[in-house]
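# Secondary and tertiary structure notes
Each chain, letter by letter, is given below.
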Amino acid sequence: MAILAINGGKPVSPGGIKPNWPIYDKTEKKALIEVLESGRWCNRANPDGKVAQAEKAFAKFVGTKYAKVVSSGTTALELALRSCDISYGDEVIVPAVTFLATASSVITSGAVPIFVDIDPETYQISPDAIEEAITERTRAILPVHYGGYPADMDRIMEIARKHELLVIEDCAEAHGTEWREKSVGTFGNFGCFSFQMAKTLTCGEGGAITYNDGTIDINCFSLSRMPENSNGEATYYLPAGNWRMSEFAGAILLSQLSRLEKQIEARQKNAEYFIQELQKIEGLSSLKKDARITRIGYFFLLSKYNASKWNDIPRDRFIEALKAEGVQCGTAHNDPQYLNPLFQKIKSAYLTVPGADYSTVHCPEAERIYEMEVVAMPNYVLMKKENVDIVLSAIHKLRDNIAELKSNHSQPKITAHPV
Ligand SMILES: Cc1ncc(COP(=O)(O)O)c(C=O)c1O
């Protein structure tokens, strides 16, 4: 009789781990009613409104002078790129391993994303690959703190200084992550965060840009840049969409911010427990933790699967078996982004720069990890130790029944996102 759920046995967690996310209580309800009754539902010219308060609170949380709250993480990226005048013909270096918006925002800004490989130990953008990709057209580096793990900000800032490049950090997955005790989003010219519902700080949809340069005024309606000794007049304007957040979302964001610190700590504690237990399981390991990382704001819990230690059972079979046991997992973002049809099939005026033919791009490490190595779990698993215990029990069950796991069953198709 089958023991493993994938073969018809009883799952470790019938029905799966409950996401229990997003979390809210009367604080959010009260804040929403306040906005409703105030009659000021828009954040424009509303310096005491919820969005304005959230901006101050988020800048304080991150440790920058300013935070501009916008409608999404994607618009945060595009606004950041455009407010540095990055545009047609410019190249922006992005990692191959990320969510589509990192690279698509470069295209919608009119520039060309140049994909580079990752460091296989950390899954973060490889500083060596960045250096190799720099040309006379390169204007910026757009590192992603993928899964909440930080990119090597020492090397990235050093390269940026050496080549006079801008740095825009994609922090959409990294609220609370610290490199040398400084939050991500404080190192580059801009940090871009997402508050979409799966994120560890959410108001349904939203985003923020963090920055320290007071000469840049991002007003989300038209972009303007002030000279440093400004008399208050913008020197020029750039057209933009309306990317403001409503006061209702701002009310939720502000309320959620008051819970963020505790939630990050809980995830971190449970992740450390998971990583410690994982060391006892052959064929699975965690990402290398650089000593300069002082905190990880986990978005994905990323592990490495080594098929050679699992009787050559393919990673996809392992993931499907774990899912059948009730553990939501996957490969996070399914492919290196340059393989997305958006890049493979694009024939548009945007990509007129030589070298932007994505059919020839090849990042071996990014391709390898998606094909056979990465196993990602959503962050809500980390909200409770009981959830982590379910994951560990399920992994042990697969390990203890490896012969049954290996038996020849048809391969179901993997879905990329674990949530
Ligand atoms: C790395 C990364 N960048 C950008 C974004 C875009 O954020 P949003 O969905 O808020 O537009 C996401 C969202 O999933 C992301 O994971």
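Treat the numbers as computed from the prediction; the structure is a model and nothing was measured. (Residues numbered from 1 in each chain as written. Predicted model: local features only at pLDDT ≥ 70, side-chain atom pairs only at ≥ 80, totals over all residues.)

### A few points about the pairing of strand S5 (residues 166–170)
For S5, the tally of buried residues reaches five of five residues, placing the bulk of the element in the interior. Sheet topology places strand S4 (residues 138–141) next to S5; two bridges connect them, and they run parallel. Directly across from Ala-140, in S5, lies its bridge partner Leu-166. Judged from the three bridges that link them, S5 and strand S8 (residues 190–194) form a sheet pairing that is parallel. Residue pairing for S8: Glu-169 is matched across the bridge by Gly-191. (Buried ≥ 20, exposed ≤ 12 C-beta atoms within 10 Å, placed from the backbone. Helix = DSSP H or I, 4+ residues; strand = E, 2+ residues; numbered from the N terminus. Pairing = 2+ DSSP bridges.)

### Focus: helix H1 (residues 26–38)
Taking 1.5 Å of rise per residue, 13 residues should cover 18 Å, and H1 covers 18 Å from first to last C-alpha, within 8% of that figure. One or two steps after H1, the chain reaches Gly-39, where phi turns positive at roughly 75°. (Expected span 1.5 Å × (residues − 1).)

### So, the environment of Tyr-211
As for its position among the elements, Tyr-211 is in strand S9 (residues 207–211). Take Tyr-211: there are 24 C-beta atoms within 10 Å of it, and that puts it in the buried class. Counting along the chain gives 143 residues from Tyr-211 to Lys-68, while the straight-line C-alpha distance between them is 8.5 Å. Excluding residues that lie within four positions of it along the chain, Tyr-211 makes contacts with Thr-64, Tyr-66, Asn-189, Phe-190 and Ile-216. (Contact = placed C-beta atoms within 7 Å.)

### Regarding the sheet that holds strand S2 (residues 91–95)
The seven strands are arranged S1-S9-S8-S5-S4-S2-S3 in an open sheet whose pairing can be described as mixed. Edge positions in the sheet fall to strand S1 (66–70) and strand S3 (112–116), since each of these pairs with one other strand and no more. Direction aside, neighbouring strands of the sheet carry axes that sit 25° apart on average. Its contacts with the sheet place helix H6 (residues 153–163) against S4 and S5, and it is angled at close to 160° to S4. (Axes fitted to C-alpha atoms, helices over the stretch in contact; angles between N-to-C directions.)

### Some thoughts on the confidence of the model for the protein
Per-residue confidence for the protein gives a mean pLDDT of 90, with 89% of residues at or over 70. Note on residues 224–230: pLDDT under 50 across the span, and 17 contacts to partners over four residues away in sequence or across chains. (pLDDT = per-residue confidence, 0-100.)

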